[in-house]
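Given next are the chains, with one letter for each unit.
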Amino acid sequence: MDYNFREIENKWQEKWKADKVYQVSNQSVKPKYYVLDMFPYPSGAGLHVGHPLGYIASDIYSRYKRLKGFNVLHPMGFDSFGLPAEQYAIETGQHPAETTKKNIETFKSQLDKIGFCYDWEREVQTSNPNYYKWTQKIFLDLFNSYFCNSCKQAKPIKDLIEKYATKGGSSFTAEQWNNFSATEQSEILMKRRLAFSSYGEVNWCEALGTVLANDEVTNGVSERGGHPVVKKKMRQWYLRITAYADRLLQGLETVDFSESMKEMQRNWIGRSEGAEIEFSLSISPRSGEEKEKMDEKIKMPGHGYAEYKVASAMSFDNAKENRKNPTEAEAKLWDALRGSKIGYKFRRQHPIENFIIDFICLDVWLIIEVDGGYHTTKEQVDNDAYRDADLERIGFTTLRFTNEEVVNNLEHVTKLIKDKADEIKNTTAEKLPKVGGSSPLKGEVRVRVYTTRPDTIFGVDFLVIAPEHDL
């Protein structure tokens, strides 16, 4: 006997609908289970083969969980709001509300013929004001919130405004904040809001009059309509999802996903652990217009143009060797200075151009030299004077002490060093230029960059390198 599937299936599907077999109640003693499909866009063409490909699998799983005693919520909806609806209306000359309504009816009829176990009482249409009013509310909630770095969660932006008004921020005082214009305050808050506007490079389609995601662009044209797409810098809205990277990764450890699915999510979250690396730069005086530009960029107040050269490999080797064999005075002074004991971080046996400095504080450009017994000849005294003058031309301040001063009166020496560092900090330290997060020392102009973890694509290993600051 032939199976008359149209008659038989229509009969039972109508009965299931009348008996509300798939309707789910919120009041149930059964354990809850939620199966959610990706909502389709209701185009005029109806379903395509990709829709049931995924929906059949989730339908099977929904039925399985229902037979296992779960109260299964399995809804369906339609992503009917936005560009596709607008373009379809333009192409057909019909109002988008009418075409969307008609297309949804076609989709529902096709889905019912397949026999999916959806609870149509839970249907969602994103073009319905009763739905998108909640997306608008969520956006406003995000806009009016900021990510609190100390408690690792969202807080009302009004709390941050109150903090700025009474305690100030990391780069301004409360008095400065209260004197900022409304525009200046708005720009500062925009850098903390969870929903914020900023400039970025986007895929712009002039014909469609909108920005497109990468997956909506194929070979330089829009997937919808085949219109040209160009890269364009525009101001647009962003969500500060990256602030939640750590929490998202931690949450993955508590969900019942396969390891392959978790790894996909980790890659999507994109939190990267890398390293900060400093590279030495060699900057030399140029002639003509190029030199004038370089002068303006690197000139130091009161010192004019300074020529920077990278310290030679031999200088670094000599510095390392000197650290292994300090004099008694050098050892005593290093013990007094190390670990920021006087409030400033010092380095020892540090190469600058052709010189090796005994002790140096890069924060205030202060050099400390401890003279041994051989600093008595006229030649050595002349060399010291030349060295001090050369370093002063760049912007350094040099203090010199004898071995006897350090060994016999260490407390007095360290006080003189701290007093001089305080003096520089309070008068001229803010004028000392910075490049890439570190001082542009003669012989050691450096730029600091951040690198991601190594990755491999098509058999090629690579690192992403990004400057810490704009040069």
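Residues numbered from 1 in each chain as written. Predicted model: local features only at pLDDT ≥ 70, side-chain atom pairs only at ≥ 80, totals over all residues. Heavy atoms only, no water.

### Observations regarding the overall build of the protein chain
Then comes step 1: In terms of regular secondary structure, the protein chain is built from 16 helices and 20 strands.
Then comes step 2: Buried residues in the protein chain amount to 32% of all 471 residues.
Then comes step 3: Put simply, 65% of the contacts in the protein chain that link residues at least 6 apart link residues at least 24 apart.
Then comes step 4: For the protein chain, the accessible area works out to roughly 30200 Å², and carbon and sulfur atoms hold 53% of it. (Helix = DSSP H or I, 4+ residues; strand = E, 2+ residues; numbered from the N terminus. Buried < 20%, exposed > 50% of the residue type's maximum accessible area, 1.4 Å probe, protein only. Contact = heavy atoms within 4.5 Å. Areas by Shrake-Rupley, 256 points an atom, 1.4 Å probe, with all protein chains shown as cover.)

### Focus on the sheet that holds strand β7 (residues 195-205)
Then comes step 1: Ordered in space as β8-β7-β11, the three strands form an open sheet in which the pairing is antiparallel. The open sheet has two edge strands, β8 (210-212) and β11 (230-239), and neither has a second partner. Each neighbouring strand pair of the sheet contributes to a mean axis angle of 55°, computed without reference to strand direction.
Then comes step 2: Here β7 pairs with β11 via 10 bridges, running antiparallel. Note on β11: the bridge partner recorded for Y199 is R235. (Pairing = 2+ DSSP bridges. Axes fitted to C-alpha atoms, helices over the stretch in contact; angles between N-to-C directions.)

### Regarding the packing of helix α3 (residues 83-92) against helix α4 (residues 96-114)
Then comes step 1: Relative to each other, α3 and α4 sit at 105°, their axes nearing to 9 Å. By the angle class used here, α3 and α4 are roughly perpendicular. Touching A85, Y88, A89 and T92 of α3 are P96, T99, T100 and N103, all from α4.
Then comes step 2: When grouped by side-chain class, the residues that make up the contact of α3 with α4 number four nonpolar, four polar and no charged. (Parallel < 35°, antiparallel > 145°, perpendicular 65-115°, else oblique. Nonpolar A, V, L, I, M, F, W, Y, C, P; charged D, E, K, R; others polar.)

### Considering the sheet that holds strand β16 (residues 397-402)
Then comes step 1: In spatial order, the strands read β13-β14-β15-β16; together these four strands make up an open sheet with mixed pairing. The two strands at the open ends of the sheet, each matched to only one other strand, are β13 (347-352) and β16. Ignoring strand direction, the axes of neighbouring strands in this sheet form an average angle of 45°.
Then comes step 2: Examined bridge by bridge, β13 and strand β14 (residues 355-361) share five bridges and lie antiparallel to one another. Opposite R347, over in β14, you have I360 as the bridge partner.
Then comes step 3: Packed onto the sheet, helix α13 (residues 328-337) meets β13, β14 and β15 (366-371) and runs at close to 35° relative to β14.
Then comes step 4: Here helix α16 (residues 410-427) sits on the sheet and contacts β15 and β16; the angle it forms with β16, its principal contact strand, is near 175°.

### Side note on the pattern of salt bridges
Then comes step 1: This structure, assessed with the given rule, holds 15 salt bridges.
Then comes step 2: One salt bridge in this structure joins E263 and R266, with 3.1 Å as the shortest N-O distance. Here E263 pairs with R266, and both are found in helix α10 (residues 259-269), just three residues apart, close to one helical turn.
Then comes step 3: In this structure, E423 engages K420 in a salt bridge whose closest nitrogen and oxygen atoms are separated by 3.4 Å. With a gap of three residues between them, E423 and K420 both fall in helix α16, about one helical turn apart. (Salt bridge = Lys/Arg side-chain N within 4 Å of Asp/Glu carboxyl O.)

### With respect to the state of the cysteines
Then comes step 1: One pass over the full model with this rule turns up zero disulfides.
Then comes step 2: Of all cysteine sulfurs, the one in C148 lies closest to C151, which takes part in no disulfide; the gap is 3.1 Å.
Then comes step 3: Residue classification places C151 among the partly exposed positions, given a relative accessible area of 32%. (Disulfide = S-S within 2.5 Å.)

### What about the packing of helix α9 (residues 245-252) against α10?
Then comes step 1: Direction vectors running N to C along α9 and α10 enclose 180°, while the axes themselves pass 10 Å from each other. Between α9 and α10, the angle falls in the class roughly antiparallel. The segment α9 lies against α10, with A245, L248, L249 and L252 engaging K262, Q265, R266 and I269.
Then comes step 2: Looking at the contact of α9 with α10 residue by residue, the class counts come to five nonpolar, one polar and two charged.

### Quick notes on the packing of aromatic side chains
Then comes step 1: Under the criterion given, the structure shown has 22 aromatic pairs.
Then comes step 2: Ring centres 6.5 Å apart and planes at 15° place the aromatic pair F139 and F143 in the stacked group. Residue F139 and its partner F143 are located together in helix α5 (residues 129-143), separated by four residues, close to a single helical turn.
Then comes step 3: With centroids separated by 5.2 Å and ring planes inclined at 90°, the aromatic side chains of F139 and W237 adopt a geometry described as edge-to-face. Of this pair, F139 sits in helix α5 while W237 sits in strand β11, placing them 98 residues apart in sequence.
Then comes step 4: F139 sits in the partly exposed class, given a relative accessible area of 29%.
Then comes step 5: For W237, a relative accessible area of 48% puts it in the partly exposed group. (Phe/Tyr/Trp six-rings, centres within 6.5 Å; stacked < 30°, edge-to-face > 60°.)

### Observations concerning the environment of N26
Then comes step 1: Secondary-structure assignment places N26 in the loop between α1 (5-18) and β1 (32-34).
Then comes step 2: For the pair formed by N26 and L73, sequence separation is 47 residues and the distance between their alpha carbons is 9.1 Å.
Then comes step 3: At 3.0 Å, the side chain of N26 forms a polar contact with the side chain of R122. (Polar contact = N/O pair within 3.5 Å; in protein donor to acceptor, adjacent residues only side chain to side chain.)

### Details of the side chain of K65
Then comes step 1: By secondary structure assignment, the location of K65 is in helix α2 (residues 50-67).
Then comes step 2: Here K65 sits buried without a salt bridge, and the closest side chain of opposite charge, D256, lies 8.0 Å off (N-O distance).
Then comes step 3: Apart from the residues lying within four places of it in its own chain, the contact partners of K65 are Y33, F70 and V72. (Lys, Arg positive; Asp, Glu negative; His and termini not counted.)

### What about the confidence of the model for the protein chain?
Then comes step 1: In the predicted model, the protein chain carries a mean pLDDT of 81, and 78% of its residues have values of at least 70.
Then comes step 2: This stretch, residues 283-288, has a pLDDT under 50; its non-local contacts, to residues over four places away or in other chains, come to 14 contacts.
Then comes step 3: Note on residues 290-315: pLDDT is under 50 here. Beyond four places in sequence and across chains, it has 56 contacts. (pLDDT = per-residue confidence, 0-100.)

### Quick word on the pairing of strand β6 (residues 153-156)
Then comes step 1: Across four bridges, strand β5 (residues 145-148) lies against β6 in antiparallel orientation. Looking across to β6, one finds that S145 is bridged to P156.
Then comes step 2: Once β5 ends, the chain turns through four residues before running back antiparallel as β6, passing K152 with a positive phi of about 60°.

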